Amino acid sequence: MITPELARRSRELADARQPFVTATVVRVQRPTSVLAGSVALVLADGTIEGFVGGACTEQSVKAQALVALETGEPVLLRVLPEGAEAPEEDGAVAVENPCLSGGAIEIFLEPAPPPPRVLVVGETPIAGAIVRVGEELGLEMVLSDGHDSAPAAGDLGLVVATHGRDELHALRLALEAGVPYVGLVASERRGAGVLDELRRDGVGEGLLERIDVPAGIPIGSHTPGEIAVSILARVVATRRGQTPRGLTPGGLTPKGQVPAADSGGGSVPSVSGAAPAEPAPALAVDPVCGMTVAAVASTPSVERDGETVYFCCEGCKAKFEAGEHASVAP
C-alpha cells in the first residue's frame, strides 16, 4: 500500500509534469526481503523512492521501469531465482536474479507519463469547446490569451481561435517552439491572408506549410462543439502519428514519410507525439552475474578501457574489480 509520503510525492511529480513509474509488489515467495503491497516510485533518471526489494531486485525494477516509461505500457515484472522457469505471457516480463535465495517477487510497473499539453489561444466559444472536449481525451488543455502561456518544446499542439486577435504572435511562437500541431481557426480566405502576413514577416515556407488552416478535418461542422471535434481529430492523429484517411493537410505528414526541410531555416518536428521521441532506455548487462541493468548514474559502475561497465550491486562490482569474472558480456 502506498504511503502518505509517496502519495504526496507522486502528486508533486504529476504537478511538475515529471514522468515516473509506480512499482507495486503484488506477490512474494519466501524468503524475500519485501512484503506484498510495498510500493516505490521510479523516476526517469532511474532513482527509486521507496522499497520493493534488495539491491539486485531494484536493478531489475529500474531497468524494466525505464522500458515501461519509454513504451507507455504497464507490465508485470516477475523476478525469479536463478534457474527458475516462467511461461511467456503478454504483459509480463520474467528475469532471473542470481542474488535471490529461493523466493520470487512479482511487481506491477505502471508508467505515469505527463499528459500531452495543448494550448488553446482565444476567449471564444470555439476555444472553450476545444478545451472541454480535449480534457475528455486525456489531454492537458491550457486556455491562453497568447501571452500568459507560451508554447514550449514538448507541447503537442497549439490552436489559435481568437477570430483575428494576436494570431500572428501566437502562431509564430508555436512554429519556433517546434510544436507538432499548429492550427488556426479561420476561413480559407482569412487564413490565406494570415499566412501572407507571416510570409512577409520572414517566416519560411516550410514552417507555413505546417499550419493547419482552416483547422480541423472537413466534417461539415458548424457549432463550437462540432468544430472542436474536427480540430481535436487532427490533434489525436498528430499524437498517434497518423493522418485521417484520404486527408493530407499542411503540417500533417502521413506516417512513414519525412517532412521537407524548412527553407526558412527552421526545423520541422516529428508528428509522432507531444515531444521529440525519447531515446530508448539505456540498458547494460552485468558481466559478473549476467543481469540486465539500467545504464544510469545511480547504477554501480566502473570505467574500464574507455567504457562504462554497469553492475547489479556493489558485490558484483567488487568481484569485477578483483578480476573474478570471465569477460564483459556484449
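Each value, and the rule that gives it
- Residues numbered from 1 in each chain as written.
- Predicted model: local features only at pLDDT ≥ 70, side-chain atom pairs only at ≥ 80, totals over all residues.
- Heavy atoms only, no water.
- Helix = DSSP H or I, 4+ residues; strand = E, 2+ residues; numbered from the N terminus.
- Buried < 20%, exposed > 50% of the residue type's maximum accessible area, 1.4 Å probe, protein only.
- Contact = heavy atoms within 4.5 Å.
- Areas by Shrake-Rupley, 256 points an atom, 1.4 Å probe, with all protein chains shown as cover.
- Salt bridge = Lys/Arg side-chain N within 4 Å of Asp/Glu carboxyl O.
- Pairing = 2+ DSSP bridges.
- Axes fitted to C-alpha atoms, helices over the stretch in contact; angles between N-to-C directions.
- Parallel < 35°, antiparallel > 145°, perpendicular 65-115°, else oblique.
- Left-handed = near helix turned anticlockwise from the far one by under 90°.
- Phe/Tyr/Trp six-rings, centres within 6.5 Å; stacked < 30°, edge-to-face > 60°.
- Expected span 1.5 Å × (residues − 1).
- Disulfide = S-S within 2.5 Å.

Participant: If you had to explain the overall build of the protein chain to someone new, which residues and values would you point to?
Facilitator: Per the secondary structure count, the protein chain includes eight helices and 15 strands. Looking at the protein chain as a whole, 45% of its 330 residues are labelled buried. Considering only contacts in the protein chain between residues 6 or more positions apart, those separated by 24 or more positions represent 58%. Put simply, the protein chain shows about 16,400 Å² of open surface, and 52% of that area lies on carbon and sulfur atoms.

Participant: Can you explain the pattern of salt bridges? Please cite residues and give values.
Facilitator: Counted according to the given criterion, the structure contains twelve salt bridges. Two residues, Arg-17 and Glu-140, come together in a salt bridge whose shortest N-O distance is 2.2 Å. Remark: Glu-140 occurs in strand β8 (residues 140-144) and Arg-17 occurs in the loop between α1 (4-15) and β1 (20-28); sequence separation between them is 123 residues. With a relative accessible area of 26%, Arg-17 lands in the partly exposed category. Across the salt bridge formed by Arg-199 and Asp-196, the nearest N and O atoms sit 2.5 Å from each other. A residue pair is termed a helical-turn pair when its members lie 3 or 4 positions apart in one helix, as Arg-199 and Asp-196 do in helix α5 (residues 188-200) at three residues. Residue Arg-199 is classed as partly exposed on the basis of its relative accessible area of 34%. Looking at Asp-196, the relative accessible area reads 34%, which means it is partly exposed. Each of Arg-9, Glu-12 and Glu-49 takes part in a single network of salt bridges with overlapping partners.

Participant: With reference to specific residues and values, describe the sheet that holds strand β4 (residues 75-81).
Facilitator: What the six strands build is an open sheet, ordered β3-β2-β1-β6-β4-β5; its pairing is mixed. Of all strands in the sheet, those bounded by a partner on one side alone are β3 (48-50) and β5 (92-97). Strand-to-strand twist of the sheet, defined as the mean angle between neighbouring strand axes without regard to direction, takes the value 25°. By the bridge criterion, eight bridges tie β1 to strand β6 (residues 105-112) in an arrangement that is antiparallel.

Participant: I'd like a rundown of the packing of helix α3 (residues 125-136) against helix α7 (residues 224-239), residues and numbers included.
Facilitator: Interhelical geometry of α3 versus α7 gives an angle of 55° and a closest axis separation of 8 Å. Of the possible angle classes, the one that applies to α3 and α7 is oblique. Relative to α7, α3 is oriented so that their crossing is right-handed. Two secondary-structure elements touch here, α3 through Pro-125, Ile-126, Ala-129, Ile-130, Val-133 and Gly-134 and α7 through Pro-224, Gly-225, Ile-227, Ala-228, Ile-231 and Leu-232.

Participant: Tell me about the packing of aromatic side chains, residues and numbers included.
Facilitator: Under the defined criterion, the tally for this structure stands at one aromatic pair. Ring geometry for Phe-311 and Phe-320: centres 5.1 Å apart, planes at 55°, overall tilted. In this pair, the class of Phe-311 matches that of Phe-320, namely buried.

Participant: Help me get a handle on α1, residues and values and all.
Facilitator: With twelve residues, α1 extends 17 Å from end C-alpha to end C-alpha; this agrees with the ideal 16 Å at 1.5 Å per step. Buried-residue contacts for α1 involve β1, β2 (39-43) and β3. Arg-17 sits one or two residues past α1 and shows a positive phi near 60°.

Participant: So, the state of the cysteines: which residues are in play, and what are the values?
Facilitator: With the rule as written, the count across this model stands at zero disulfides. Cys-289 takes part in no disulfide bond, and the closest cysteine sulfur to it belongs to Cys-312, at a distance of 3.7 Å. Judged by relative accessible area, which is 23%, Cys-289 ranks as partly exposed. For Cys-312, a relative accessible area of 1% translates into the label buried.

Participant: If you had to explain the pairing of β4 to someone new, which residues and values would you point to?
Facilitator: Moving residue by residue along a regular strand, the side chains alternate between the two faces of the sheet. Among the seven residues in β4, seven count as buried, and that is most of the element. Along β4, one buried face is formed by Val-75, Leu-77, Val-79 and Pro-81 and the opposite face, lined by Leu-76, Arg-78 and Leu-80, is buried too. Looking at chain direction, β4 and β6 are connected through five bridges and run antiparallel. Note that in β6 the partner of Val-75 across the bridge is Leu-109.

Participant: Lay out the sheet that holds strand β10 (residues 181-184) with the relevant residues and their values.
Facilitator: Ordered in space as β8-β7-β9-β10-β11, the five strands form an open sheet in which the pairing is parallel. Taken across any chain shown, the strands that pair with only one partner, and hence form the sheet edges, are β8 and β11 (211-212). The sheet contact formed by strand β7 (residues 117-121) and β8 spans five bridges and is parallel. The partner of Arg-117 across the bridge, within β8, is Glu-140. Of the strands in this sheet, β7, β8, β9 (157-160), β10 and β11 are in contact with α7, which crosses β10 at around 165°.

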